[in-house]
Amino acid sequence: MEDLISNKYIKFQPIGMDMSNKEQSQSQPQPAFAGYYPMYQAPQNGEIDLFDLIAQLWKKKHWIIGCMLATTILAAVYAFTAKEQWTATAVVDVPSFDTMDNYYQGFRLLEGNVDKPTSLEEVADKLFKQFISQAGSYNELSKFIGQSEYYKMLVEGKSESEKAKLLNEVVDKVKILKDKDELIFTISFPASTPNESKKLLEDYIKVVNGNVSSAQYAQLASQITNRKTSIQNQMNALMQIAEDKRQEEIKNIKMALAIANKSNIQKPELNGLTKLDTNSLFLLGKDALNAMSESIKDQPLTLTDHYYSLQGQYINLERFDVDGDSAQAFSYLKGPIEPVNRDKPLRALMLIVGLVFGLIVGLGAATINIAIQNNVNKKKYS
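Owing to the predicted nature of the structure, the values given are computational and were not obtained by experimental measurement.

Within the structure shown, the criterion is met by seven salt bridges. The closest approach of N and O atoms between Glu-149 and Lys-152, which form a salt bridge, is 3.9 Å. Here Lys-152 and Glu-149 lie together in helix H8 (residues 149–154), a separation of three residues that amounts to about one turn. By relative accessible area, which is 43% here, Lys-152 ends up partly exposed. Across the pair Lys-198 and Glu-202 runs a salt bridge, and its minimum N-O distance is 3.0 Å. Of this pair, Lys-198 and Glu-202 both sit in helix H10 (residues 194–263), four residues apart, which is roughly one turn of that helix.

See the structure below:
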């Protein structure tokens, strides 16, 4: 049977074919027979045998596992000894009416009776913008952090340059972010412990609010004082005008009385057509003019409605109690609470990274070692 199979594939060559052609024909690949599998061929020069490489790597598994353990242990040591960072957050919005009622009353008293008084929303926006502006101020942040016990603990034993660098790092980590299309801000304050981050955030918001409230109330009190002075000056001017009018009337009465004495007019000499003015006042007679002269000195000044309107404003301003501790320049949508998730170090992630890095280093070292050994063996047996 084998002879038949072999004869089936015999190739006849013409006479005169040289030996080189015969060798070339023998070197050409032979057809595969049904039911037979080709033999595994070794890789040529420059080719990589993947299965052989995997087998050799498996022999060096101890190297790889050792690298993985080493880098994982190093990552674990760092993860559990590195300085922690926790961040407390608070969400703030414009102040509500009940937190700024006193301030708004004083603000409205300053405006007086105007056609378009400032709305509560406008005053609230003004206070809130002042709060956010000061909260994001580098000077305010650095001053607060520099005076905190937390910062003093961090810089203990450090040089001045190290203190300044650390202060900048802490300040840069404080974030004030605005939500889209809304007057809502999130304030974040980091620290090394959850409780410390919450306390720092609470204290900072309290300090900023106190500064804004004090500044605004100081400005309000100053404006009220100036307004009262202005109103008092206007009232005094109106009283002086009224007094001047009275003196003018007294002068006119005295002149009319002198004319009545010279004319010996004792009783009024008036008729229905007589127009009583300054020039004809003497016609009232000596008796009436004497009575008018005595009574006008004791009667109160005749003041205008404007005077009494100013007087009402002055009384309201005088009675207003500037309560600088009652105003709040913001309201909480979410107050500061202790954070439950640590910012860093992320221990689980660091362990995974250490494990993967060890695997990569181990595989790389083992592969290089295998390549070096193969190269040595090739030179040895070549």
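There is more to say after this.
As a further point, take the side chain of Gln-216. Relative to the helices and strands, Gln-216 resides in helix H10. What Gln-216 contacts, discounting residues up to four positions off in sequence, is Tyr-103, Lys-126, Leu-127 and Gln-130.

On the surface, a cluster of positive charge is made up of Lys-83, Lys-158, Lys-173 and Lys-344. With respect to the helices, strands and loops of the structure, Lys-173 is situated in helix H9 (residues 160–173).

Another aspect to go through is the sheet that holds strand E2 (residues 175–178). Spatially, the four strands line up as an open sheet ordered E2-E3-E1-E4, and their pairing is antiparallel. Both edges of this open sheet fall to E2 and strand E4 (331–334), since each of them pairs with a single strand only. For this sheet, the mean angle separating the axes of adjacent strands, direction not counted, is 30 degrees. Both E2 and strand E3 (residues 185–191) contribute to a ladder of four bridges, which runs antiparallel. Residue Ile-176 lies in a different strand from E3, and its bridge partner there is Ile-187. Sheet strands touched by H10: strand E1 (86–93), E3 and E4. Its angle to E3, the strand with the most contacts, is close to 135 degrees.

This brings us to the pairing of E1. As a general feature of sheets, a regular strand has side chains that alternate between the two faces. Counting buried positions along E1 gives six out of eight residues, so the element sits mostly inside the fold. As paired strands, E1 and E3 are joined by seven bridges and run antiparallel to one another. Looking across to E3, one finds that Trp-86 is bridged to Ala-191. As judged from the three bridges shared by E1 and E4, these two strands associate in the antiparallel manner. Counterpart to Val-91 in the pairing with E4 is Lys-334.

Let us now look at the nonpolar core. Judged by nonpolar contacts, the single largest core of 50 residues is most densely connected at Val-92, Tyr-103, Phe-131, Ile-145 and Phe-189. Sorting elements by how many residues they give to this core places H10 first, with 12 residues. Not counting residues within four places of it along the chain, the set of residues in contact with Ile-145 comprises Tyr-151, Leu-167, Val-170, Val-171, Val-174 and Phe-189. In this structure, Ile-250, Ala-256, Leu-257 and Ala-260 belong to the second largest nonpolar core, which totals 11 residues.

For the structure on display, the rule yields 11 aromatic pairs. For the ring pair Tyr-103 and Tyr-217, a centre distance of 5.6 Å and an interplane angle of 80 degrees mean the geometry is edge-to-face. One end of the pair, Tyr-103, is in helix H5 (residues 101–111); the other, Tyr-217, is in helix H10, and 114 residues separate them in sequence. With respect to burial, Tyr-103 and Tyr-217 carry one shared label: buried. Taken together, a centroid distance of 4.9 Å and an interplanar angle of 85 degrees make the contact between Phe-330 and Tyr-332 edge-to-face. Through successive ring pairs, a cluster of aromatic residues spans Phe-128, Phe-131, Phe-185, Phe-330 and Tyr-332.

What follows concerns the confidence of the model for the protein chain. Considering every residue of the protein chain, the mean pLDDT works out to 78; 80% of them sit at 70 or more. Below pLDDT 50 for its whole length, residues 1–42 participates in seven contacts with residues either more than four positions away or in separate chains.

Our next topic: the packing of H10 against helix H12 (residues 305–319). Between H10 and H12, the least distance of the axes is 9 Å, while the angle of their chain directions is 150 degrees. Overall, the two elements H10 and H12 adopt an arrangement that is roughly antiparallel. Crossing of H10 over H12 shows left-handed handedness. Across from Ile-224, Arg-227, Lys-228, Ile-231, Gln-232, Gln-234, Met-235, Leu-238 and Met-239 in H10, the residues of H12 making contact are His-306, Tyr-307, Leu-310, Gln-311, Gln-313, Tyr-314, Leu-317 and Glu-318. Residues of the contact of H10 with H12, tallied by class, amount to nine nonpolar, five polar and three charged.

Analysis parameters
- Residues numbered from 1 in each chain as written.
- Predicted model: local features only at pLDDT ≥ 70, side-chain atom pairs only at ≥ 80, totals over all residues.
- Heavy atoms only, no water.
- Salt bridge = Lys/Arg side-chain N within 4 Å of Asp/Glu carboxyl O.
- Helix = DSSP H or I, 4+ residues; strand = E, 2+ residues; numbered from the N terminus.
- Buried < 20%, exposed > 50% of the residue type's maximum accessible area, 1.4 Å probe, protein only.
- Contact = heavy atoms within 4.5 Å.
- Patch = residues over 30% accessible without salt bridge, like charges linked within 9 Å, V, L, I, M, F, W, Y side chains within 5 Å.
- Areas by Shrake-Rupley, 256 points an atom, 1.4 Å probe, with all protein chains shown as cover.
- Lys, Arg positive; Asp, Glu negative; His and termini not counted.
- Charge placed at Lys NZ, Arg CZ, Asp CG, Glu CD.
- Pairing = 2+ DSSP bridges.
- Axes fitted to C-alpha atoms, helices over the stretch in contact; angles between N-to-C directions.
- Core = buried A, V, L, I, M, F, W, Y, C linked by side-chain atoms within 4.5 Å.
- Phe/Tyr/Trp six-rings, centres within 6.5 Å; stacked < 30°, edge-to-face > 60°.
- pLDDT = per-residue confidence, 0-100.
- Parallel < 35°, antiparallel > 145°, perpendicular 65-115°, else oblique.
- Left-handed = near helix turned anticlockwise from the far one by under 90°.
- Nonpolar A, V, L, I, M, F, W, Y, C, P; charged D, E, K, R; others polar.

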